[in-house]
Every structure is written in C-alpha cells, then in structure tokens.
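What follows is the residue order along each chain.
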Amino acid sequence: HPDPPRRRRLLIVINFIVNASEAQVRPEDGTPTADVFQMFDLVFTIIFAIELGVNMYTNWFRHFWDDGWNVFDFVVVAVSILALGVDALPGMSVLRLLRAFRVLRLFGRMGAQRRLINAIVLSLWPVCNAMLIVLLIMSIYAILGVEFFNENVQFSTFTQATFTMFQTATFEGWPIIARELTGDTGEVNVGTAIFFTSYIMIVSWMLLPVVVALLLDNFSKVAATEAALEVKEMQVTQRLVSHVLDPLMSSLSRYNTSKDLTLRITKLYELLDADDSNGLSYEEMHEGLKKLDLKPGIHLLADDWDAITNFGSMLNENGEVGLKEFESIVRKQLMDFLHRNNSSALIAAGEAGSDLAAVFSSVNYLIMELDQVKKDNGEVKESVTQLIDALKALQPEGE
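Residues numbered from 1 in each chain as written. Predicted model: local features only at pLDDT ≥ 70, side-chain atom pairs only at ≥ 80, totals over all residues. Heavy atoms only, no water.

(A) Quick look at the overall build of the protein chain. Scanning the protein chain for helices and strands turns up 14 helices and zero strands. N-terminal to C-terminal, the α/β element order of the protein chain is α-α-α-α-α-α-α-α-α-α-α-α-α-α. Counting across all 399 residues of the protein chain, residues that qualify as buried make up 30%. A separation of at least 24 residues holds for 61% of the contacts in the protein chain among residues at least 6 apart in sequence. As presented, the protein chain carries roughly 25,300 Å² of accessible surface, and 64% of it is formed by carbon and sulfur atoms. (Helix = DSSP H or I, 4+ residues; strand = E, 2+ residues; numbered from the N terminus. Buried < 20%, exposed > 50% of the residue type's maximum accessible area, 1.4 Å probe, protein only. Contact = heavy atoms within 4.5 Å. Areas by Shrake-Rupley, 256 points an atom, 1.4 Å probe, with all protein chains shown as cover.)

(B) The environment of Leu289, seen in detail. Within the fold, Leu289 resides in helix H11 (residues 282-291). The contacts of Leu289, once residues within four sequence positions are left out, are Leu245, Leu248, Leu272, Ile298 and Leu300.

(C) Layout of the pattern of salt bridges. Per the counting criterion, the structure on display carries four salt bridges. Across the salt bridge formed by Asp260 and Arg264, the nearest N and O atoms sit 3.2 Å from each other. Placement of the pair is Asp260 and Arg264 together in helix H10 (residues 258-272), with a separation of four residues, close to one helical turn. On the basis of relative accessible area, Asp260 is assigned to the buried category, the value being 19%. Residue class for Arg264 comes out partly exposed when judged on its relative accessible area of 29%. Here Asp336 and Lys332 are joined by a salt bridge, their closest N and O atoms 3.2 Å apart. Taken together, the residues span about one helical turn, with Asp336 and Lys332 both in helix H13 (residues 323-352) at a distance of four residues. (Salt bridge = Lys/Arg side-chain N within 4 Å of Asp/Glu carboxyl O.)

(D) Broad picture of the nonpolar core. By size, the foremost hydrophobic cluster in this structure holds 27 residues, and its most contacted members are Leu245, Leu248, Met249, Met285, Leu289 and Phe326. Those elements giving two or more residues to this core turn out to be helix H9 (246-252), H10, H11, helix H12 (302-308) and H13. Among residues more than four places away in sequence, those in contact with Leu248 are Leu268, Leu289, Leu292, Leu294 and Ile298. Core analysis: the next-biggest nonpolar cluster, separate from the first, contains 20 residues, Val127, Phe155, Ile177 and Ala178 among them. (Core = buried A, V, L, I, M, F, W, Y, C linked by side-chain atoms within 4.5 Å.)

(E) Local environment of the packing of aromatic side chains. Overall, the coordinates contain twelve aromatic pairs when judged by the stated rule. Taking 6.2 Å as the distance between ring centres and 80 degrees as the angle between the ring planes, the aromatic pair formed by Phe155 and Phe195 counts as edge-to-face. Of this pair, Phe155 sits in the loop between helix H5 (111-149) and helix H6 (158-169) while Phe195 sits in helix H8 (residues 190-240), and the two are 40 residues apart along the sequence. Note on Phe155: relative accessible area 0%, which makes it buried. Of the aromatic side chains, those joined through ring pairs into one cluster are Tyr141, Phe148, Phe149, Phe155, Trp174, Phe195, Phe196 and Tyr199. (Phe/Tyr/Trp six-rings, centres within 6.5 Å; stacked < 30°, edge-to-face > 60°.)

(F) Structural context of a nonpolar patch on the surface. A contiguous nonpolar patch, built from Met39, Leu42, Val43, Ile46, Ile50 and Val54 and spanning about 530 Å² of accessible area, is present on the exposed surface. Note that Met39 resides in helix H2 (residues 32-58). (Patch = residues over 30% accessible without salt bridge, like charges linked within 9 Å, V, L, I, M, F, W, Y side chains within 5 Å.)

(G) Just H6, in detail. An ideal rise of 1.5 Å per residue puts 16 Å on twelve residues; H6 measures up with 16 Å between its terminal C-alpha atoms. All of the buried residues in H6 are Ala161, Thr162, Thr164, Met165, Thr168 and Ala169. When H6 is viewed along its axis, its buried side chains cluster within an angular range of 160 degrees and face the same direction. Opposite the buried face of H6, by more than 90 degrees, sit the exposed residues Thr159 and Phe163. (Expected span 1.5 Å × (residues − 1). Arc of directions from axis to C-beta.)

(H) Seen up close, the side chain of Thr192. Here Thr192 shows up in helix H8. When residues no more than four places from it in sequence are discounted, the contact partners of Thr192 are Phe149, Ala178 and Leu181.

(I) Structural context of unusual backbone geometry. For Arg26, which is not a glycine, the phi torsion comes out positive at approximately 50 degrees. Position of Arg26 relative to the elements: it lies in the loop between helix H1 (4-25) and H2. With a phi angle near 60 degrees, Asn278 is a residue other than glycine that sits in the positive phi range. As for its placement among the helices and strands, Asn278 is situated in the loop between H10 and H11.

(J) Quick peek at H10. Between its terminal C-alpha atoms H10 stretches 21 Å, which fits the 21 Å expected from 15 residues at 1.5 Å a residue. What H10 keeps buried is the set Asp260, Leu261, Ile265, Thr266, Leu268, Tyr269 and Leu272.

(K) Summary view of the confidence of the model for the protein chain. Of the residues in the protein chain, 71% reach a pLDDT of 70 or more, and the chain-wide mean stands at 77. Mean pLDDT across the secondary structure elements of the protein chain bottoms out at helix H14 (residues 356-394), with 60, and peaks at H6, with 92. (pLDDT = per-residue confidence, 0-100.)

(L) Local environment of the side chain of Glu284. Residue placement: Glu284 occurs in helix H11. Within the structure, Glu284 has its side chain in polar contact with the backbone nitrogen of Ala274 (distance 3.5 Å). Of the polar contacts made by the side chain of Glu284, one reaches the backbone nitrogen of Ser281; its length is 3.1 Å. In this structure, Glu284 is in contact with Leu272, Asp273, Ala274, Asp275, Gly279 and Glu320, ignoring residues within four places of it in sequence. (Polar contact = N/O pair within 3.5 Å; in protein donor to acceptor, adjacent residues only side chain to side chain.)

Below is the structure:
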C-alpha cells in the first residue's frame, strides 16, 4: 500500500485530471455530466478539508501558519468550500476557477519541487531593483512615444504605449509597429529608427540580460542556502527528536546524582497522575505531556505507549504503570537519549573540532551505566541470598 504522503499526492493528481477533463468537456449546468463533475468536486473538497484540519491539529495551529505552503493550502481549501456553499454570491464562478490551483499543493509535498519553488520566490525580491529600472526606462519611452506618435493607436495613451514598449522588448511584432510609423511611403524615418533601436539596445540587449543574470545568481545562492538549511534541520531532528519523549529526556538529563534523578522522576509521575490513583494510564500521560512546557511539544500516540511499556507487559491489572515501572521506563528512555546525544555530539566534535556536550553526555551516560550495574549486582546478591536460604530449608535437620 502507498504511504500517506503518496496517497495525498495521488489525490491531488487525480483532482487535477478531473478538473482538466471538466475544462475539456465543458458540460452544461443541470446535465448528468455536470452533476458527476460536481460530485467529484464535493468529494475532493471534503477530503482536502479533512486533511487541512488534521494538519492544523498536528501542528498545534500556531506552528501551522509558519509554513507558507500551509497558508496556501488553507486559502485554496477555504475558497473551494466557499465556492461550494455560496452559489448565489457574484464572482463565485471566478472563485471556482481557483480550484485548478490545487495541483500547486503538490509542490509543497515534494522535496525537490518545494525547494525549487521556494528558491524562485525568495530570489525574486533582489531582482525587483533591476526590474524597477527596466520599468522606468520602459515608461520613459512610453511617454516619448505618446509625444511623437500619438496619432497611432499603439501610442494613443500612456498605458497603450507602455504595453507597446513591453511588446517591443520581447521582439514580438515590433517591426510591424515600427513600419506603421514610417508613413505611406515606406521610407525609414530617422527619428523612428533611433527610437526603436535605442530602446531595444538598452532594454532588450542590456537590462533584461542583467535581470536574468541576477535572477540566476540569486536563485543559485538561495537554492544552496535552502539545501543547507534542510540538511541542518534533518541533522537537528535526528539528533534531538529521534524519539517522541526526547524533549522530556533532554530536560531530565540535567540531573546531579542518581538520587536527584529518582526525585525528579517521582515528581513527574505525581504531576502526570491526574487522579492520584498511584497508577498512570495512557490517557493521563498523553494529556499530561501535552501540558508540559517542552519544545517541541510531545504528542504521545498509542503506538508509542505500547512500545515504552513493552507492549503492555509493564502495566498492572488496571492497564496503568506504577511508580517503579515508570522510573524503569524513564531511565531506559534517558539512557537511550544520552547514548544518541553522545553519538551526535561526538560527530559534531569531529566536524567542529570540539564539543563539551559530548563530555557531559558521556559522563551522564557512564553514571547511568554504573547505576544499572549496581542495581544488577544488588539483584544478583538478593537472588544468591534467596537461593542459600532455600538450600538451607531443604537441608535435613541434624546435618
């Protein structure tokens, strides 16, 4: 079965194919074909609205708006819902046309295309200064064109002349426009020739290539920056959030002694045990962890609960975890966290030259290992004592 991201991309592609088919067929309102396309639109709108709601919930609403692609998703889905629910308002037919932009949501779910679009958008702003110069030169020539050739419809107004100069900059049909200004004789007018040739040399040969060069240069820089940031975010994520409880473990890792750690775990257990039943259920831990001031926040799933409780083997008859089992869970998760953090810090030390975090992480990790060895030795000693007592009980009296 395809994973959820692939299913979403597949739905977006299918929706685009349906929209393209509707534009090709152009069914009349009220016909069975139009009803079929309307049903497709309703189904896709509901699916995308549910997906948007889930995305907003999982990102805790506030973080949702930090991503421009999420904002774009919200606008597209909101317009689709509005177009479905309010048919009588004027302009609804125009809003329905925005459904075609749903396919752009595909770029937000594909890494390479997402980086490409982001790089293009971010590189546009530095090019605006060069484009402003092009627009200024174009406007100056438009004003001159209105003064010199106002009898021609192409230069009758400033806006018409500006569009003509834009057309000339693209080399599209400019000889026809220039020949119309030479008069009935067809002879080349010196003023007209200078007007068009100077404009083409300045705008089309000099300024527009500069704009393209700036665009490519800024695009390359932004693309490299985006790729580096993505790699860095992936490294940070792998180092710090390799497990759902890692933000909590990061806070607990600042203990002084094993006794201090036990005290911290006990206080955490009492805080999470909302009903003071000396038993911690999945619901209590799920809700309690969400209320803790941790960054990033923790959203404990049922699968995570099954994993940390060894698939229920650490639960009592009420399906809850006692304090002793909870401490065992936390200590194991903390050991795993320190081990991952130690490995990451050592890698960073190799890349940057040194990293004190590796030293502290190693010390904490060794302390926990020693505590575990001491605990294991205590259990072995207790087992040997029980075995000796059992042997003594089996020994016949008088021997």
